[in-house]
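Descriptive structure summary
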Amino acid sequence: MKNKLNYFIARFNCFGIGFYYLTKLAKQDAWITLILGTLIGIIILYFYGLIKKKLNNQNLKEFLLNKKLGFIYITLFIIFNIYLILILLTLLSLFTSAFYLVNTPQIIINLGFIILVILLTFKGKFVLENLSNLLYVFSLIIIFTFLILLLKYFDFNNLTPILVIKPTNIIKASLIYASLTAIPQFITIDYNIDTKKLIKSYLVSSLTLFIILTAIILGLGNLGEIYSFPEYIVLKQIKLFNFIENVENISCFVWYMDIFITLSTISINIFEYLPKKYNKLTLIITLIITTLFTNYYICNNYEKIIILFLSSPLILSIFLILFLTLLFYKKDIKKSS
């Protein structure tokens, strides 16, 4: 079945992390790093496609289940999914408590999301895929609508001078963008998505992210690098008919869609990779423990939040290297047989 999961998964890490990195490192040249990062991301997705091809229409669990190192890879895949949950829940609580529910305990915010995710998980992949197709349309409509509303606030002088940033910063920012957007795509390894469609969804995601990043540069200039969520701040400029304000709150549905779809994909992965006996109960316990750990160990300490976000490109790259060993894993099995 066709789905748009990859569109949302490519976007979530740029909210609060990716755009902050790009504007901090490349300033007005950040849009160049996004283009270069997209090209690097396509290369990563090519290797992702090779891994899917090696699975030969099996899901990852079936392929690894009876192999000697299978348990290690399955455990690694579950850890990868849980790591992404830590990032997602931290972003969710940080943004919501900063701009909306200031006096609401962060644990309430995250548990509300997790309950919805669990309910969707028990409905299965079919419901998730249908929901992704529906929300995909709403996401594009909201993004292009707000682009039109922002046009009169743009200052194109903010794009100049071009190519004055150090080449090392451009390369570093491009690699960071690729790692944040392309590596998490591995969580859809068990979905029926061929490489061409995956790259197409990734390009659409990059287009929307390019629009948002360019809007940040044109609307805020170098001020964009001082905000944790510059994509939200730039939208606060919008006023309709000189008296309607706070329309930026509507745009937040786009980011909540990204987080919700990605969390649900991860939850279904964990549910399917857990042992069948008591897997529903085990999933609930796993998600609740992860939520409690995020809120009481990470979110209550700003230093740990910074460490989590700044280290995420490196940690994701390590996961990529480990997953790429699957390309040699099957060849070794064939030789030994």
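Structure: above.
Given the structure is predicted, the values throughout are model-derived calculations rather than measurements.

1. Looking at the overall build of the protein
Within the protein, the secondary structure is distributed over 14 helices and 0 strands. Written out in order from the N terminus, the α and β elements of the protein read α-α-α-α-α-α-α-α-α-α-α-α-α-α. The C-alpha radius of gyration computed for the protein amounts to 20 Å, which stays within 12% of the reference 20 Å derived for 337 residues, consistent with globular compactness. Seen through its C-alpha atoms, the protein measures out along the principal axes to roughly 70 × 45 × 40 Å. Expressed as a percentage of contacts within the protein between residues at least 6 apart in sequence, the contacts between residues at least 24 apart total 86%. Element-wise, carbon and sulfur atoms account for 69% of the exposed surface of the protein, whose accessible area totals about 15,900 Å².

2. A word on the nonpolar core
Ranked by size, the top nonpolar core spans 112 residues in total, and within it L60, F80 and F186 carry the most contacts. The biggest single contributor to this core is helix α5 (residues 70-99), with 16 residues. Setting aside its immediate chain neighbours within four residues, L60 contacts L55, F77, F186, I189, D190, Y273 and L326.

3. Focus: empty space enclosed by the protein
Rolling a probe over the atoms, with the probe sized like a water molecule, indicates the empty space that remains. Applying the stated rule across the entire model yields 4 cavities of 30 Å³ or more. Of the pockets and cavities examined, the largest cavity occupies roughly 160 Å³. Considering the residues around the largest cavity, the lining is formed by 15 residues, among which I143, F146, I212, L235 and W255 are closest to the centre. At the level of elements, α7 (125-150), α9 (195-220) and α11 (248-273) are the ones that each hand at least two residues to the lining of the largest cavity. Among the elements that make up the lining of the largest cavity, the one with the highest residue count is α7 (5 residues). Grouping the amino acids of the lining of the largest cavity by side-chain chemistry returns 12 nonpolar, 1 polar and 2 charged. By volume, the second largest cavity is sized at about 80 Å³. Forming the walls of the second largest cavity are I44, F47, Y48, I51, A182, I183, Q185, F186, L320, F323 and L324.

4. Looking at the pattern of salt bridges
What the rule picks out here adds up to 2 salt bridges. D258 serves as the salt-bridge partner of R11, at 3.0 Å between the closest nitrogen and oxygen. Note that R11 is positioned in helix α1 (residues 5-11) and D258 in helix α11, a separation of 247 residues in sequence. Residue E272 pairs with K125 through a salt bridge whose shortest N-O separation is 3.4 Å. Remark: K125 occurs in helix α7 and E272 occurs in helix α11; sequence separation between them is 147 residues.

Reading guide: rules and limits
- Residues numbered from 1 in each chain as written.
- Predicted model: local features only at pLDDT ≥ 70, side-chain atom pairs only at ≥ 80, totals over all residues.
- Heavy atoms only, no water.
- Helix = DSSP H or I, 4+ residues; strand = E, 2+ residues; numbered from the N terminus.
- Rg over C-alpha atoms; globule rule 2.2 N^0.38 Å.
- Contact = heavy atoms within 4.5 Å.
- Areas by Shrake-Rupley, 256 points an atom, 1.4 Å probe, with all protein chains shown as cover.
- Core = buried A, V, L, I, M, F, W, Y, C linked by side-chain atoms within 4.5 Å.
- Buried < 20%, exposed > 50% of the residue type's maximum accessible area, 1.4 Å probe, protein only.
- 1 Å grid on protein atoms, 1.4 Å probe; cavity = no way out; pocket = protein on both sides within 12 Å on 5 of 7 lines; lining within 4 Å.
- Points joined across faces, edges and corners; volume = space filled by probe spheres on them.
- Nonpolar A, V, L, I, M, F, W, Y, C, P; charged D, E, K, R; others polar.
- Salt bridge = Lys/Arg side-chain N within 4 Å of Asp/Glu carboxyl O.

So yeah, pure geometry; function would need other evidence.
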